[in-house]
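Letter by letter, the chains look like this.
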Amino acid sequence: MPNKKLRLRDIVITTDNTPWAIATEDNQIVRVNRAYMSVTEIETPNEKSYFRQLATTSDGKLWFTDFEFGTLVRYDSQSNYFEEWLLPGGANSKPGGMAVDKDDRIWLVETGQNPNRLVGFDTGTQTFLTETAIPSGAGSVSHLHNFEPAGEMWFGTETNYVERAKVH
């Protein structure tokens, strides 16, 4: 990386086979040119952002959570446009684990809520679908994994549970 101070947190590969990463404390996303292994750093709108998770939908758009401001952020690389939505838990939602299902719905965990909540977001209608309390309380959820054959999201919690949520 040209910027030796970047702390990369998560990485995805979009439908056009481009690797992208987010920098945790540096309000940047990074695009990697696979042919030349060169990188382009793209500043995001808020310099105080603290990114946690990164996902991509079938249209190639990037989605990430901002832990500091409690938002879900979308980046469209074609238009270089950012858009964000305040999570149902507000600025203190502290989003953790995130994954995308077969219908391009975003699922994430609000770890700032007690108990933690699983939140669904429809990327087509750009609306929140559901807010479901996690029975164990969760403590914190860092990663969420989609198991598509069963329509489930799986995750581990800091309260010593492995949990699953049926999402379709």
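Residues numbered from 1 in each chain as written. Predicted model: local features only at pLDDT ≥ 70, side-chain atom pairs only at ≥ 80, totals over all residues. Heavy atoms only, no water.

1. Some thoughts on the packing of aromatic side chains
Each aromatic ring pair is described using two quantities: the centre-to-centre distance and the angle formed by the ring planes. On inspection of all chains with the given rule, the structure shows eight aromatic pairs. Of the aromatic side chains, those joined through ring pairs into one cluster are Trp63, Trp85, Phe121 and Phe128. For the cation-ring pair, Arg52 lies above Phe67, with the distance from its terminal atom to the ring centre recorded as 4.4 Å. For Lys94, the ring lying beneath its charged end belongs to Phe67, and the centroid distance is 5.2 Å. (Phe/Tyr/Trp six-rings, centres within 6.5 Å; stacked < 30°, edge-to-face > 60°. Lys NZ or Arg CZ within 6 Å of the ring centre and 35° of its normal.)

2. Examining the sheet that holds strand E9 (residues 95-100)
Across the sheet, which stays open at both edges, the four strands sit in the order E9-E10-E11-E12 with antiparallel pairing between neighbours. Of all strands in the sheet, those with a lone pairing partner are E9 and strand E12 (127-133), marking the two edges. When the angles between neighbouring strand axes are averaged without regard to direction, this sheet yields 20°. The sheet contact formed by strand E10 (residues 105-110) and strand E11 (residues 117-122) spans six bridges and is antiparallel. The residue bridging Val109 from the neighbouring strand is Leu118, located in E11. (Pairing = 2+ DSSP bridges. Helix = DSSP H or I, 4+ residues; strand = E, 2+ residues; numbered from the N terminus. Axes fitted to C-alpha atoms, helices over the stretch in contact; angles between N-to-C directions.)

3. Regarding the sheet that holds strand E4 (residues 38-43)
Spatial ordering of the open sheet is given by E1-E2-E3-E4, a layout of four strands whose pairing is antiparallel. Looking along the sheet, the strands with just one partner apiece sit at the ends: strand E1 (8-13) and E4. When strand polarity is set aside, the average angle formed by the axes of neighbouring strands in this sheet is 25°. Across five bridges, the pairing between E1 and strand E2 (residues 19-23) is antiparallel. Pairing of Leu8 across the sheet is with Ala23, part of E2.

4. Focus: the side chain of Arg105
By the secondary structure assignment, Arg105 is in strand E10. A distance of 3.3 Å separates a polar atom in the side chain of Arg105 from the backbone oxygen of Val167. Sequence-distant contacts of Arg105, defined by excluding residues within four places in its chain, comprise Ala99, Val100, Phe121, Asp122, Leu129, Val167 and His168. (Polar contact = N/O pair within 3.5 Å; in protein donor to acceptor, adjacent residues only side chain to side chain. Contact = heavy atoms within 4.5 Å.)

5. Some points on the environment of Leu62
Structurally, the position occupied by Leu62 is in strand E6 (residues 62-66). Of the residues examined, Leu62 reaches a relative accessible area of 1% and is grouped as buried. For the pair formed by Leu62 and Tyr50, sequence separation is 12 residues and the distance between their alpha carbons is 16 Å. If near-sequence neighbours (up to four positions away) are discounted, Leu62 is found in contact with Val12, Thr14, Trp20, Ile29, Leu54, Ala55, Thr56, Val73, Arg74 and Tyr75. (Buried < 20%, exposed > 50% of the residue type's maximum accessible area, 1.4 Å probe, protein only.)

6. Comments concerning the pattern of salt bridges
Evaluated as defined, the whole model comprises nine salt bridges. Lys61 is the partner of Asp76 in a salt bridge, and the nearest nitrogen-oxygen pair spans 3.8 Å. Residue Asp76 is found in strand E7 (residues 71-76), and its partner Lys61 is found in the loop between strand E5 (51-56) and E6; the two are separated by 15 residues along the sequence. Of the two residues, Asp76 and Lys61, neither departs from the other in class, the shared state being buried. Connected through shared salt-bridge partners, Asp101, Lys102, Asp103 and Arg105 make up one network. (Salt bridge = Lys/Arg side-chain N within 4 Å of Asp/Glu carboxyl O.)

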